[in-house]
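Coordinate analysis (summary)
Residues per chain are reported as follows:
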Amino acid sequence: MRNLKLRFCKEDTTSIQNARQLLLLPDTEYNDKERNTTYVVTDSKIYAVNETGNDNDELKSQIVADLPDIVGAEVLQLNNSICVATEAGEVLLINLDTFDTTEGTYCDVGIECMAWSPNQEVVVFVTKTKNVVVMTCTYEVLGEQALDAELAADQQFVNVGWGKKETQFHGTAGKQAAKQSPEFQTPGDVQELPQDVHISWRGDGAFFAVSYVASNVGRTFSVYDNEGKLQHMAEKWNGLQSPLAWRPSGNWIAQPQSFSNRPSTISLFEKNGLRHREFELPFDLQTEYIEQLHWSTDSDVLALQTRTATDHRIYLYTIGNYHWYLKQVLTFKMTDRLACCQWSSGRDHTLYVLLESGKRYIYSWNWAIDRFRNVVCVTDGKRVLLTNLHEAVVPPPMSQHVLQVDEYINAIACSESFMCLYSSEHNIFSYNILNDERGAFPLGSEGKSTPGRSEESQIQMASLLHHHAGHQLLATRTLGKNTHVLSVAYVPNGEYRVVSSRVLSGIVNASVEGLNGNVYAHTVNNGQIFEISLAEAGNIEHIGWHYQLKQPADYIDCWIPKDKDNLKTSKVAVITLRSQQLLQIDDELIDEDVTSFIVTNNYVIYTQLNALHFVEISNRRKVSTRSIERGAKLVMHAPDARLVLQLPRGNLEVIYPRVLVLELIGSLLNDKRYNDAMRMIRTHRINPNIICDHNVQSFCSEPHVFLGEISDPQWLCLFLSELKNEDYALGMYASNYEASQQSYPTGYNVDIKVEYICGLLCECMEKMPGDFRLPIITTYVKLGKLENALLLIWKHKHTDAHLADQLLKYLLYLVDVNELYNVALGTYLFGLVLFVAQKSQKDPKEFLPYLNELKALPEDYRKFKIDEHLKRYDCALTHLAACGEEHYDLALDLIKQHNIYRKALLIYRDHTAMQQRIHVAYADHLRANAQLEAASLMYERGGQLQQALLSAKHTLDWQRVINLAKRTGEPIEQVASSMVTPLQQQDRHLEAYELSKQFTTWTDVPPLQILIDGHLYGRAIFEASLLREELSDDALESRIRPSLIGFVDQLKASLSADENLFLEYKQRLLDIRQRQATVDERDGLANHDVEIDEVDLLSDTSSMHSSRYSHSSRSTGTGKTFRSSKNRRKHERKLLSLKPGNPFEDIALIDALHNQVTKIAHQKQQQLVRDTCKALMQLHTEDERAAELQQQYASVMSVVQASLDSIWIPELMGGTSQHLTGPNIDYMALQKEQRYVLISPIKRLKPQLNITDWQHTALQ
């Protein structure tokens, strides 16, 4: 589906005439002056051609060598020289820097032709005596053989009878072709044939072919390897001509062939010399002779250089889907004949052409797809193949329509209303595109015209662009370093004429129509983009600089924002694709290795080798990626969201990308075209949730519009049945939506989406006229209101039995019949139950007796039995309560069995006796579940005060115990005394003191011992101060002071022991790390001996391995993996053993140190030290002792804080994981990381100490 589009045709002038050969350096950039040097070879001279640096089209030429009878030349890049062979047999080397000439080798019999291999390691000569001589680059002979030498016996063709011609398919030739046997006829006089010899190398330099005239065969060719050994000879065919060209990719050898009874062809031979296929030529080789064949470097294009009596031509052929397309024809008149042509080795599809007058043309093409509306145009000689890919996908080379003209077509320019064809004779064929709705191709011919041009110039118009404003074409002609931008308009006399021309500095290679009808043109030599303004009459008003690219591009396109009401402030995005396959939007690189791209309304779609990508142009966000067949390229994007791709072999593939489908659906939903959107959703299997999630606010504000637009109730049912509590615009289809764009109505939440939408639509459908029965039933099902759905059907049963049957049948598609039977039974309507049961597989002998039994019961008891059967115990209890007091026992059993105490208390709130029984049963249930506090309350409500008192005692709620004891008449002092000891055991000493002080008998001194036992010395001193003076002094001196001093000594000893233990653990850990570092430094990687049982303690992702681990536990024969929790705890204790010599001793020490730090720096410990020091200060004589305690604790805290960083090192806390992966993996760090996995995650981090204001300033 691709055409060769002429990017530019640059015309230069040299003073060299009658050139015979072009020598090109591998050029890469158009502004590289050194690489733009070319060498022209004539019969006796070699010229170096360079640009002058001026703006004119003249080239500077310089004679490099003056040698007679030159038969071949080649630029040797490694030697920076030119190898020249003369007819006399001389092979000379010309240095390109100094132009000095040295002798390479010499052939005394003369040389007829020379050809170097593509890698320039081997050179082939054909001598005047018809010998093939193969030499190395240093001119050492590898082999020499006569051209007419025969193959050895073991190399001859052997026919074993496979693939007989009679059994092969012959296409349009029919069965008669199988009966024809083309007999080879030996030519009468081979001396009358052209005797010239041609050599062609394969692209990899492994083989070369030589075309020559054999004495008994005529024109043929032989294949040699790069050592000069004959490998194959072509099968015998009549009519072969001298030129041949081996395709660089290596699969075909092309050679012209003429026939007496059918058109001439280009025959394609395989390496073994067998004829593989052919393609017909549009001319006869007898009247138009082929002088040369040239393959492009990428093997895509085959150039045929021909000669007739009136002109010279170059035909460019490409292949697609096994069909050869004639894409371009370049015509050169005999007034200035074609001298030679040569493909560039560095620039794809760039052809250098030299005329005999000295003019040089540089043609540069690229692949492009010509399309208008949804029609793709493919040029093939004098035909244009037209296919509307929106209507049908016709695989090439077939097409829907064929447009035939009288001249070869080189270019197509299309717009929405016109199509123009530019021919090889510089004529324009214009066609009017009609708005025909009948499906036929809407083309109306307007005629043929020739725009004004100089007869002296044979240059082609390039970058042909049809302006959308009307009959206007924009073309370019490049002369030297400047480009003439031509405006070609349709003049009143019915012809296209050049009405305006402007000169632009640089070589324009691409153009595209942009905003407000302006045209953007790109110059390849400097990467600038110019904006060209056109007037209505076709005149070029202005050419201004628009944008500067960092690097030149090969393809450009532009994107115009959809906000056409604000085009003046909208920014046009320029999309470019460089030859290095770099895709850019403006100056931002999007991706690399891009093979093709298309710009749509919102996206730029591009392909890579096997992937298809979608980028939102407005924010440069890649929204989607999908896999495609390797090598596929984009052809067209149709309005129905289809995307057409062409595969490497030429066939087409159509896909509907979800991104484009969702974009189309979104536009339909914005226009409230719900019916069309639903059709698209069903066709492309999009989840219908997107209908409401696209714009929830709009959808919920006008539900009647949605219901009125959807004409099919089945579609409504489909939409409702697919609803889910999920925002698909931000989930499954987030590629087309952004969270900031979504807005919800008041009261809407995604978690209640189904309930909200179904309730809204159900309410609207019930009010609207129309057949919404099925959708309403669907909403009831989605809302869980099956009973409402059945009642609706039962209502229609009385008026239209058939309709009710259909509705019930539909409901059974949504709900299981057994579940529906239970719902019908729950309505207590036995007619409805029978109606549903008839649709089920239930046996009437089973459900009819059950229904009859229910009918015989009283109404309330019947409903109770039904609800109990359906496990609706709340309703069952309600109906059972209505049956009277005789069913209290049954009700209580039901309550206990199904744990419905709370509901029962509400139902029986007016029945005091029953409510008390329920409270007691509820209390028993709570006490059985260890909820003693709630059980005590329920016992109290049920009148069981003793049980309430007992439960309250167990919870140590002493205030409630005292209250209940008063109500039950229990002795309060005895009850209070029994509560003191349990409170002390729970470390609730202050509450125990308050209880004992208030409710027990004491003489003069309150029970201060309780406070002393709880180390509440501050409160004890306060309570003692409230006594009489003599009692207070006695309590302080005899009871509080001795106990406080003893506790201080105990606390100081505890702090000292904790500090010593901490320092011991720390030193042991540092010693172990020092030993490990020494071993690692000496041995590179320490192999720590680990018991095989501890390997199980490693995490599932660990791969810790040492020499001992290589002995699998299976070798013991136990197969035990220690995966049980009991064994794991046992091994964890073993792992955390602090016994010296434990292989995981460092792990155990870190765990112990973490516990020790947490104990020392705990807030309770800080508060205890502060309160103790305060109590000492209240004694007035123990300030020194208080200061010593505060100083000792401060010292311990200082030691702990200073040691944290040396214990919890960065590698223990995780750090970076870069050293654990990759090629430069640190195995020592990996082993340590695997060891540290054994530590609890929270203990791998340094403890965070929460230091309070625990110190007294007066003691510092």
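Here the structure is a predicted model, which means the values were calculated and not measured.

Moving on: the packing of helix 9 (residues 773-782) against helix 10 (residues 786-797). Relative orientation and spacing of two packed helices are given, respectively, by the angle between their axes and the distance between those axes. Viewed as axis vectors pointing N to C, helix 9 and helix 10 meet at an angle of 155°, and their least axial separation amounts to 7 Å. As summarised for this structure, helix 9 and helix 10 are arranged roughly antiparallel, according to the angle between their axes. For the crossing formed where helix 9 meets helix 10, the hand is left-handed. Every residue of helix 10 that contacts helix 9 at Arg-773, Ile-776, Ile-777, Tyr-780 and Val-781 is listed here: Leu-786, Asn-788, Ala-789, Leu-792, Ile-793 and His-796. Class assignment of the residues belonging to the contact of helix 9 with helix 10 gives a composition of eight nonpolar, two polar and one charged.

Those residues of helix 15 (residues 859-869) that sit buried are Lys-863, Phe-864, Ile-866 and Asp-867. All buried residues of helix 15 fall inside an arc of 165° around its axis, so they share one side. On its buried side, helix 15 packs onto helix 12 (817-826), helix 13 (830-837), helix 14 (844-855), helix 16 (873-881) and helix 17 (888-898). Lys-871 lies just past helix 15 and shows a positive phi near 65°.

Using the criterion set out here, one finds six cavities of 30 Å³ or more in the structure. Taken as a whole, the largest cavity spans an internal volume of roughly 160 Å³. Forming the walls of the largest cavity are 16 residues, and the residues nearest its centre are Leu-4, Lys-5, Leu-6, Asn-410 and Ala-411. Only strand 1 (3-13), strand 33 (409-414) and strand 37 (462-467) provide two or more residues apiece to the lining of the largest cavity. Broken down by element, the residue count for the lining of the largest cavity peaks at four residues, all from strand 1. For the lining of the largest cavity, the class distribution of residues is eight nonpolar, six polar and two charged. Here the second largest cavity is characterised by a volume of approximately 100 Å³. Lining the second largest cavity are 10 residues, with Lys-10, Asn-36, Glu-51, Arg-347 and Ile-362 sitting closest to its centre. Mapped onto the lining of the second largest cavity, the elements with two or more residues apiece are strand 1 and strand 28 (359-368). Here the residues of the lining of the second largest cavity are counted per class, giving five nonpolar, one polar and four charged.

Before going further, it helps to spend a moment on the sheet that holds strand 52 (residues 621-627). Remark on secondary structure: sheet strands pair via backbone hydrogen bonds, oriented parallel or antiparallel. If you walk across this open sheet you meet the four strands as 49-50-51-52, and the pairing is antiparallel. Edge positions in the open sheet fall to strand 49 (596-599) and strand 52, since each of these has one partner strand only. Averaged over all adjacent pairs, the angle separating strand axes in this sheet is 15°, with direction ignored. Here four bridges tie strand 49 to strand 50 (residues 603-607), and the two strands are oriented antiparallel to one another. Among the inter-strand pairings, Val-599 is bridged to a residue of strand 50, identified as Val-604. Contacting strand 50, strand 51 (611-616) and strand 52, helix 2 (residues 658-670) runs over the sheet at an angle of about 160° to strand 50.

Right, let's talk about the sheet that holds strand 53 (residues 633-637) for a bit. As summarised here, the arrangement of the three strands in space is 53-54-55, forming an open sheet in which the pairing is antiparallel. The open sheet has two free edges, formed respectively by strand 53 and strand 55 (652-655), since each of these has just one partner strand. Shown here is a sheet whose adjacent strand axes are inclined to one another by a mean of 30°, direction ignored. Sheet topology note: the strand 54 (residues 643-646)/strand 55 ladder contains four bridges and is antiparallel. By the bridge assignment, Leu-643 is partnered in strand 55 with Ile-655.

Rules behind the numbers
Residues numbered from 1 in each chain as written. Predicted model: local features only at pLDDT ≥ 70, side-chain atom pairs only at ≥ 80, totals over all residues. Heavy atoms only, no water. Axes fitted to C-alpha atoms, helices over the stretch in contact; angles between N-to-C directions. Helix = DSSP H or I, 4+ residues; strand = E, 2+ residues; numbered from the N terminus. Parallel < 35°, antiparallel > 145°, perpendicular 65-115°, else oblique. Left-handed = near helix turned anticlockwise from the far one by under 90°. Contact = heavy atoms within 4.5 Å. Nonpolar A, V, L, I, M, F, W, Y, C, P; charged D, E, K, R; others polar. Buried < 20%, exposed > 50% of the residue type's maximum accessible area, 1.4 Å probe, protein only. Arc of directions from axis to C-beta. 1 Å grid on protein atoms, 1.4 Å probe; cavity = no way out; pocket = protein on both sides within 12 Å on 5 of 7 lines; lining within 4 Å. Points joined across faces, edges and corners; volume = space filled by probe spheres on them. Pairing = 2+ DSSP bridges.

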